[in-house]
Each structure stands twice: as C-alpha cells, then as structure tokens.
Amino acid sequence: MLKIYNTLTRKKEEFQPRVPGKVGMYVCGMTVYDYCHIGHARVMVVFDTVARYLCHKGYELTYVRNITDIDDKIIQRANESGEKSDTPYERMSKLTQKFITAMHEDEDALSVKRGDPDKNWKYIEPKASESIPEIKAMIQALIEKDLAYIGTNGDVFYSVSKFKSYGKLSGKNIADLQAGERVDVDHAKQDPLDFVLWKMAKAGEPSWESHWGWGRPGWHIECSAMSTCCLGNHFDIHGGGMDLQFPHHENEIAQSEGATGEKFVNLWMHNGFVRVDNEKMSKSLGNFFTVREVLKRYRKRYGDCAGEIIRFFILSSHYRSPLNYSDEQLNEAIAGLTRLYTALRDIEVIDASVDEAYKSRFEQAMDDDFNTPVTLSVLFDLVTELNKAKQKYEIQRAGQLAHNLIKLGGLLGILQNDPNIFLKGQAVHAVTVVESAIATDSSSASFTRSPDTWIEQEIQKRLTFKQFKHWDLADQIRDELKQQSIILEDKPDGTTSWRRE
C-alpha cells in the first residue's frame, strides 16, 4: 500500500484516490522570467518520479503543472529587455516563450516526461495568460460570497478573516499573524493579511478587461483557477516546493474552497529546499546555479548523459529532506552512476520478468513516501549480484539481472543510456584527473624531471584507467609502451615496474 506524507495532516497516509484507479495531480510550475535553477530541477525530477511510480502502480494519471507567465518580475524584465515598439503583451509573450522553450530543453535533459500515452499518463501545462476567463469567474464567485472586495485603489482583495479555516495547511493562526510578517502593508486593504486577486492596470503593463476594470490577476488566484479548471474542484494531490506552503498554497485553499464550497485537495506534498552553504538556493538570494550551467559543465565529458548526473544527485536524497548542492555531491552521483553502468557494460541484456525479491524491496521503498535513496541501494545490491554472475560466466543470469537493473532504473528515470556512452565520459574524466595530477607534480619545487619521467606519467595514466575500470585504455598504454621496447610488469600489490626490452 502506497503511503505519502501529507503536509496538511503532518503524517504519512495511505493513498486512496477519489476515483478508484485514477489520480489527479497538480504541481506549481515555473515563473518563466529566467532560466531554471537546480531548485526548480528538484521539483521537476521529484514529481516526475512520483508520476512514473503512480503509473507503474496502474493508475490512470492526469498530471497538471502550470506555467506562471503573468507576474511582476516578468513584466519588469520584459519592459527592460523588450522592443519598445511592441505592446506590453507582446513584450511579455516573447520573454516568457523564450524561457518556456528553455525550460522544456532542461526537462528533456533531465529525462522529465511530459506525459506518456502508453502509461495512461496525461500531461497538461496551462498558462496563466490563457486562463483569464476562469480566473475572472473565480474572483466573481468570491465577491458574490462576500469573501472578496474592491479596495480603495480599485484592486480586488481576498478577505482572509472571513475564511475561518485559514492557516490549516501551514499551521499559522490568523490571530498570530501580524502586518509585516510575510505580507505588505497596503492601506487599500481592509486588513493587512488580505491579498490581491486582481490588480488594476498600470501604464506599460499587459491588462485584460473585467467587471472591475482593466487589469491583471494576482499570483495566487492563477493556480486556483488553473488547477480546478483542469482537475475539477476537488482532486487528489497538490505538490510544490516547501517555500510555497505559506502563503501561496494556504491562499490557494482559501480561494478554491471559498469559491466552490468544496474540499480543494486531499493530499499536499512539498519537496525540501536545495541549499548552498546552508542557505536556500534561490534567485532572490543570488546563490543559484541554473540547470543549463551545470549541464554545460558536465556535457564536456558526458554529452547527453549530463542530465542523468543531476537527476541521480536529486534522487540520492529523500524528496522532503534538504539537498546540499556541491561538487562533492555531484561527484558522488557520477561515482554511483559509473558503478551501475560499469555493471551493464558489454552484457547482452536478456528480457526477463523482474526478480521478485528486488522488485518487492524496490516497491516497498517507493511505497514508503517515495524513498528513492533506499531504492538506489536496492539497485546497488542488484549490481553486486550481477557482477558475481559475470565473474562466474553465468551469461544468461547476468543478462537477466541487467534487464532487471534497467527496468527498475527506468522507474526512477535513470540507466536508460548506452553504458559505453556514459563510461566514455568517465574515461575523459580519468584523463583529466591524471593530467591534473601530472601538472601539479610538474609545478612542484621538489619535482626533478628525468629522461624517464614520461614513462612514469604513462604508467600513472594506466593505473588511473584501471582504477576507473577502463581496461581498454589501460591496455592501449601498455601496448604503445611495448612498441617502444618498454615492458611493464604488474605486481600483486598493485604497483607496476618497468624495464627496457
């Protein structure tokens, strides 16, 4: 039985979809005014993994992840960078389309799916700018129910104090919330806690006609309108980053339940922060790394496999735990993938049903709130048995275990590349390690160069290739030295001596 931690109830719950066999899931997507950073990548990968597993469990999935393409930052960036001859809407659209395209490129690199018809997985990606009628209808419903009002400046505000269960998701009490704590003091409001639903038009900004005058929607109302439009008033799972829990998701509940009179969401999922030097990674703090920056760095060695390194890094921590971004952590991801792909190299994969013992352990971990670190440990145990089968020349068993490894890895979105392509990147990395070490030694004051130094350097390269299990490259160095009458002699303790023939 699948159990998921529900932020609303603060405990793991057995997952029971509203409609047997069907799941509706909404995840707050990107605000597209810049390139996606690693924090965004975590949201993408986490909920893509959730979606893959729900489909594996046999559910028919409708997965909705919105695009916020109307926002103060978007408008500011568009006006700063856009053509002055364009209308405000044209400037906004050109900017957002650029970054939507970039976001999709990042998703593809990370093996993040946008649906899968073969798995009964429907994906919907609504835009705020294309959901204006639904947004206006929800605002009008809130006004008619006396949960919203027109402020002194013409903006439409939600009246927080009139929604009695406000704070149930975040655990905050209305009486304890004060002006200035996560809210802006605005004299146009009746209460400092009230938040904007519709902003009156300003010069240089895109706007739409409404009952309350020309304007544009506030951020919170966009998600309420898009989610209920795509999934209905009441659906199964709502997800997003932990930073959205308050006020964004709290406000979504107030708006949606206030407008429809129905329960909004059964289960709330929030992934933890990505941290750099113990601070949350974010654009506002300026301590973020974009996905494409990291991809560019690793594509030099791993080509199209670079995204798999980021994905493995993200899956190595439980989705609710903080994730520390560092070179060390990424290198550990490389080491983990190297071990997995090395086991798969030069094996004829034999189609077979997944070994029940490994499948059971894998599913037990995923059923326990999507515990991906434990599932990875299952894969490594499978590799241990696979390597033993290879050593014993149990060709059929090794081929079946390799199929198991690829099959289970696919549920996590990994191990779908050609092992030789990934390991070729490791070979390049090994050369870099050797050359860096040689350069360091050569610059050392204690280093005395001799006519035979180049031989020692070649031997060191060969030892490094052997360490990374690139036997072909190690053999190539041995053969090249032999052609120059230099014979290598490997010793039992792992060292290598040489002599001239």
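Residues numbered from 1 in each chain as written. Predicted model: local features only at pLDDT ≥ 70, side-chain atom pairs only at ≥ 80, totals over all residues. Heavy atoms only, no water.

Student: Could you clarify how one ought to interpret the overall build of the chain in this entry?
Tutor: Helix and strand counts for the chain come out as 15 helices and 16 strands. Based on the C-alpha atoms only, the size of the chain along its principal axes is roughly 95 × 55 × 40 Å. In the chain, of all internal contacts separated by at least 6 residues, the share reaching a separation of at least 24 is 74%. When the accessible surface of the chain is totalled, it reaches about 23,100 Å², and 47% of it is carbon and sulfur. Counting 64 positive and 73 negative side-chain charges, the chain places the averaged centre of each group 2 Å from the other. (Helix = DSSP H or I, 4+ residues; strand = E, 2+ residues; numbered from the N terminus. Contact = heavy atoms within 4.5 Å. Areas by Shrake-Rupley, 256 points an atom, 1.4 Å probe, with all protein chains shown as cover. Lys, Arg positive; Asp, Glu negative; His and termini not counted. Charge placed at Lys NZ, Arg CZ, Asp CG, Glu CD.)

Student: Sorry if this is basic, but what is going on with the packing of aromatic side chains here?
Tutor: By the definition in use, this model includes 18 aromatic pairs. Plain terms: the ring middles of Phe-235 and Phe-264 are 5.3 Å apart, the flat faces sit at 80° to each other, and that makes the pair edge-to-face. In this pair, Phe-235 sits in strand 10 (residues 235–241) while Phe-264 sits in the loop between helix 6 (245–260) and strand 11 (265–271), placing the two residues 29 residues apart along the sequence. Here Phe-235 falls in the buried class, since its relative accessible area comes to 2%. (Phe/Tyr/Trp six-rings, centres within 6.5 Å; stacked < 30°, edge-to-face > 60°. Buried < 20%, exposed > 50% of the residue type's maximum accessible area, 1.4 Å probe, protein only.)

Student: I tried to follow the pattern of salt bridges on my own but got confused; where do I start?
Tutor: Two side chains bearing opposite charge may form a pair once their charged atoms approach each other closely. Enumeration according to the criterion identifies 26 salt bridges in this entry. Glu-107 is paired through a salt bridge with Arg-65; the nearest N and O atoms lie 1.9 Å apart. One end of the pair, Glu-107, is in helix 3 (residues 88–109); the other, Arg-65, is in strand 4 (residues 60–65), and 42 residues separate them in sequence. Asp-116 is paired through a salt bridge with Lys-113; the nearest N and O atoms lie 2.9 Å apart. Residue classification places Asp-116 among the buried residues on the basis of a relative accessible area of 12%. (Salt bridge = Lys/Arg side-chain N within 4 Å of Asp/Glu carboxyl O.)

Student: So what exactly am I meant to see when it comes to the pairing of strand 3 (residues 22–27) here?
Tutor: On any regular strand, side chains alternate: one points to one face of the sheet, the next to the other face. Judged by how many residues are buried, strand 3 sits mostly within the fold: 5 of 6 residues are covered. Strand direction decides the pairing type here: strand 3 and strand 4, joined by 6 bridges, are parallel. In the sheet register, Gly-24 faces strand 4, and the bridge partner there is Thr-62. In this region the chain leaves strand 3, passes through helix 1 (residues 38–56) and returns to the parallel neighbour strand 4; the handedness of that crossover is right-handed. (Pairing = 2+ DSSP bridges. Right-handed = clockwise from strand over helix to strand, strands pointing away.)

Student: Please clarify how the sheet that holds strand 3 should be interpreted in this entry.
Tutor: Each strand in a sheet pairs with its neighbour through backbone hydrogen bonds, running either in the same direction (parallel) or in the opposite one (antiparallel). Strand order in the open sheet made by the 5 strands is 5-4-3-10-11, with parallel pairing throughout. Because the sheet does not close on itself, it has two edges, and the strands there are strand 5 (121–124) and strand 11. Neighbour to neighbour, the strand axes of the sheet diverge by 20° on average, direction disregarded. Relative to strand 11, strand 10 runs parallel, the two sharing 6 bridges. What sits directly across from Phe-235, in strand 11, is Val-265. (Axes fitted to C-alpha atoms, helices over the stretch in contact; angles between N-to-C directions.)

Student: What is the right way to look at the sheet that holds strand 6 (residues 148–150) in this model?
Tutor: Spatially, 4 strands are ordered 6-7-8-9 in an open sheet, and the strand pairing comes out antiparallel. A strand with exactly one partner marks an edge of an open sheet, and here the two such strands are strand 6 and strand 9 (215–217). Direction aside, the axes of adjacent strands within the sheet are offset by 20° on average. Relative to strand 8 (residues 195–200), strand 7 (residues 156–158) runs antiparallel, the two sharing 3 bridges. Following the sheet pairing, Val-156 is matched in strand 8 by Trp-198.

Student: Would you mind going over empty space enclosed by the protein with me for this structure?
Tutor: One simple way to see leftover space: roll a probe sized like a water molecule over the atoms. Summed over the entire model, instances satisfying the criterion amount to 2 cavities of 30 Å³ or more. Considering only enclosed or pocket space, the largest cavity measures out at about 70 Å³ in volume. Every residue along the wall of the largest cavity is listed here: Val-45, Val-46, Thr-49, Val-50, Ile-314, Leu-315, Ser-317, Tyr-319, Phe-370 and Thr-372. Taken together, the elements giving at least two residues each to the lining of the largest cavity come down to helix 1 and helix 8 (306–315). Ranked by the residues each element gives to the lining of the largest cavity, the list is headed by helix 1, at 4 residues. For the lining of the largest cavity, the residue count by class is 7 nonpolar, 3 polar and no charged. (1 Å grid on protein atoms, 1.4 Å probe; cavity = no way out; pocket = protein on both sides within 12 Å on 5 of 7 lines; lining within 4 Å. Points joined across faces, edges and corners; volume = space filled by probe spheres on them. Nonpolar A, V, L, I, M, F, W, Y, C, P; charged D, E, K, R; others polar.)

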